[in-house]
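Next come the chains, spelled out residue by residue.
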Amino acid sequence: GRWGGEEFIILLPNTDLAQARLLAEKLRSTLAAHEFAGAGRRTGSFGVASHRADDNEDSLTRRADQCLYVAKNQGRDRVVDESALDGKE
């Protein structure tokens, strides 16, 4: 669903981090390859985090958001998962 502005959130029950990253990469590459009428090609950046036993809604979405901004700061059009946050949380 739409999370805010141009951001969306996808919840994937029974999906581990590696599987979620694969889906995000598939979405990213499909988006980048598509020609949108009147808008041309567009790209997307994805932040991927997985639920931890001590997570609540805020901590999980905060980690995913941190990943998203790492992706944007690294040049956009990429997928970054929480393993990139080691020591940055």
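Residues numbered from 1 in each chain as written. Predicted model: local features only at pLDDT ≥ 70, side-chain atom pairs only at ≥ 80, totals over all residues. Heavy atoms only, no water.

1. Overview of the overall build of the protein
Secondary structure summary: the protein contains two helices and six strands in total. Of the regular secondary structure in the protein, the N- to C-terminal order runs β-β-α-β-β-β-α-β. Here the C-alpha atoms of the protein give a radius of gyration of 13 Å, agreeing with the 12 Å that 2.2 N^0.38 yields for 89 residues. In terms of overall dimensions, the protein has a C-alpha envelope of 45 × 25 × 25 Å along the principal axes. Each of the 89 residues in the protein was classed as buried or not, and the buried ones make up 22%. By sequence separation, contacts in the protein at least 24 residues apart represent 47% of the contacts at least 6 residues apart. Counting only carbon and sulfur atoms, one obtains 51% of the accessible surface of the protein, whose full area is about 6,300 Å². Averaging the locations of the 13 positively and 15 negatively charged side chains of the protein gives two centres separated by 7 Å. (Helix = DSSP H or I, 4+ residues; strand = E, 2+ residues; numbered from the N terminus. Rg over C-alpha atoms; globule rule 2.2 N^0.38 Å. Buried < 20%, exposed > 50% of the residue type's maximum accessible area, 1.4 Å probe, protein only. Contact = heavy atoms within 4.5 Å. Areas by Shrake-Rupley, 256 points an atom, 1.4 Å probe, with all protein chains shown as cover. Lys, Arg positive; Asp, Glu negative; His and termini not counted. Charge placed at Lys NZ, Arg CZ, Asp CG, Glu CD.)

2. A look at the side chain of Asp81
Relative to the assigned elements, Asp81 resides in strand E6 (residues 79–81). A distance of 3.4 Å separates the side chain of Asp81 from the side chain of Arg21, its partner in a polar contact. Polar contacts involving the side chain of Asp81 include one to the side chain of Ser83, which spans 2.4 Å. Ignoring anything within four residues of it in the chain, the contact list for Asp81 reads Leu17, Arg21, Val48 and Cys67. (Polar contact = N/O pair within 3.5 Å; in protein donor to acceptor, adjacent residues only side chain to side chain.)

3. Points about helix H1 (residues 17–33)
For H1, spanning 17 residues, the distance from its first C-alpha to its last is 24 Å, which sits close to the expected 24 Å at 1.5 Å a residue. Among all positions in H1, only Ala20, Ala24 and Arg28 are buried. Along H1, the residues classed as buried sweep out an arc of 75° about the axis, all on the same side. Turned more than 90 degrees from where H1 packs its buried face, Leu22, Lys26 and Ala33 sit exposed. In this structure, the buried side of H1 is in contact with strand E5 (46–48) and E6. Measuring from the side-chain oxygen of the N-cap residue of H1 to the backbone nitrogen of Ala18 gives 3.2 Å; that N-cap residue is Asp16. (Expected span 1.5 Å × (residues − 1). Arc of directions from axis to C-beta.)

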